[in-house]
Amino acid sequence: KSTERSSGINAEYGDFYNSDLILASPLGLRSVVGAAGDKERDYDFLSSIELLGLFMSDVFLMQNWEHLLHCLQHLNLQPSTPKHTDFSRVKQWALDGHGKIFRQNLVFSSLSSAQISALFGKECAGHRGLVKITPLNQRDQLSQILYPVRQVFSRMRERRADENLVEYLTSGRYQYFVDNMLPRLQKSDVTNIVIVIPSYYDFVRVRNYFKKENLKFSQLSEYSSNKTITNVRRDFAAGNVKYLLTTERFFFFKRYKLSKVSQVLFYECPLYAECYTHYLNMMAEDGAVSTLLYNKLDGERLERIVGPKQCRQLINSQQSTHVLMSE
């Protein structure tokens, strides 16, 4: 054990079972919790958690969300051995296996998302319900665009009655992109087209399609090395690349700027609205065009980009294509 005294706070470090407070990242905690079949794993110390705090939860979405879910699934379980248990302090509701619903959960995020909201329906469900606090005035991103850009918002087809929701959001979007969006780009003589794909899984799927069809393209993701980034940016600025596939995580972690961008296509509404303006502000050339593919379930993300009034119009309109012009 070691003791640290700073800012008037005494911090004594010990093992998990003797600690009143545990500070951990999802990945760090996952490495201790382990998985089924691991020789060394331990999660009994998570059985007595009474207060859970998730800070900067939106950043977890830019990492591996599965790590967080895996850790939450191992909270407040019955211990495998009672050797660390002081039965005089154990409450009856804990013995009855109700520790999860009596646990207090505090979740902080700079934005709302379906994944974070879903936590309160399962992993963070409390017996007293929940309270959600959101800012009243959220600033849209349209006023942050520096150059005149023709912004096209294209709404994909609606979900069929017999269609699975996950299939609609993944395969349905992919097929719509391949059948409707990509042929238009192929017929155009425009080069230096950036295709932003928020999900890495969708990114891999589109990349594999480009390889299969022998389309000339380059790629930048959060896994790209500095050398690869430098080479791709140089080739893109020289006009040697027609398509550049990239992910939202590349924007989040790297924040590079590209030169000579003539067109940007967003495969899906980005989680961070700043990603939208980040790429649009690279298009200083005349005739710049951006296209955003969305559906009626993208209301939260779309509202952060265009604002609540424009979002309602885009979602409820009978037309599937809308054009906005920034001045």
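What you see is a predicted model; the values in this text were computed from it and never measured.

Glancing now at the nonpolar core. Ranked by size, the top nonpolar core spans 59 residues in total, and within it Phe 153, Val 194, Phe 266, Tyr 279, Leu 292 and Leu 302 carry the most contacts. Every residue in contact with Tyr 279, bar those within four places of it in the chain, is listed here: Val 194, Val 196, Thr 246, Thr 247, Phe 250, Phe 251, Leu 258, Val 264 and Phe 266. Among the nonpolar cores identified, the runner-up in size contains 23 residues, and Leu 185, Val 206, Phe 210 and Phe 217 belong to it.

A few words on the packing of aromatic side chains. The final tally for this structure, using the stated rule, is 16 aromatic pairs. When the centroid spacing of 5.2 Å and the interplanar angle of 75° are considered together, the rings of Tyr 200 and Tyr 223 count as edge-to-face. Placement of the pair is Tyr 200 in helix α8 (residues 200-212) and Tyr 223 in the loop between β7 (217-220) and α9 (226-237), with a sequence separation of 23 residues. Take Tyr 223: its relative accessible area is 59%, and that puts it in the exposed class. Note on Phe 210 and Phe 217: the rings are 5.5 Å apart at their centroids and 80° apart in plane angle, and the pair reads as edge-to-face. Pair check on accessibility: Phe 210 and Phe 217 agree, each one buried.

Let's shift gears to helix α3 (residues 65-72). Every α-helical turn comprises 3.6 residues, leaving residues that sit three or four positions apart pointing alike. With 7 of 8 residues buried, α3 is to be regarded as a mostly interior element. Within the span of α3, buried status applies to Trp 65, His 67, Leu 68, Leu 69, His 70, Cys 71 and Leu 72. Looking at the buried residues of α3, the elements they touch are α1 (26-33), β3 (51-54), α2 (57-60), α5 (99-102) and α6 (114-119). Its side-chain oxygen at 3.0 Å from the backbone nitrogen of Glu 66, Asn 64 defines the N-terminal cap of α3.

Taken as a whole, this structure holds 7 salt bridges when the rule is applied. Across the salt bridge formed by Glu 50 and Lys 91, the nearest N and O atoms sit 3.8 Å from each other. One end of the pair, Glu 50, is in the loop between α1 and β3; the other, Lys 91, is in the loop between α3 and α4 (92-95), and 41 residues separate them in sequence. For Lys 91, a relative accessible area of 40% translates into the label partly exposed. Of the charged contacts in the structure, one is a salt bridge between Arg 301 and Glu 268, with a shortest N-O distance of 3.6 Å. Residue Arg 301 is found in helix α12 (residues 299-306), and its partner Glu 268 is found in the loop between β9 (263-266) and α11 (273-280); the two are separated by 33 residues along the sequence. Classification of Arg 301 by relative accessible area gives buried; the value is 18%. Among the residues examined, Glu 268 registers a relative accessible area of 16% and is labelled buried. Residues joined in a network through salt bridges with shared partners are Arg 157, Arg 160 and Glu 163.

Rules used in this analysis
- Residues numbered from 1 in each chain as written.
- Predicted model: local features only at pLDDT ≥ 70, side-chain atom pairs only at ≥ 80, totals over all residues.
- Heavy atoms only, no water.
- Core = buried A, V, L, I, M, F, W, Y, C linked by side-chain atoms within 4.5 Å.
- Buried < 20%, exposed > 50% of the residue type's maximum accessible area, 1.4 Å probe, protein only.
- Contact = heavy atoms within 4.5 Å.
- Phe/Tyr/Trp six-rings, centres within 6.5 Å; stacked < 30°, edge-to-face > 60°.
- Helix = DSSP H or I, 4+ residues; strand = E, 2+ residues; numbered from the N terminus.
- Polar contact = N/O pair within 3.5 Å; in protein donor to acceptor, adjacent residues only side chain to side chain.
- Salt bridge = Lys/Arg side-chain N within 4 Å of Asp/Glu carboxyl O.

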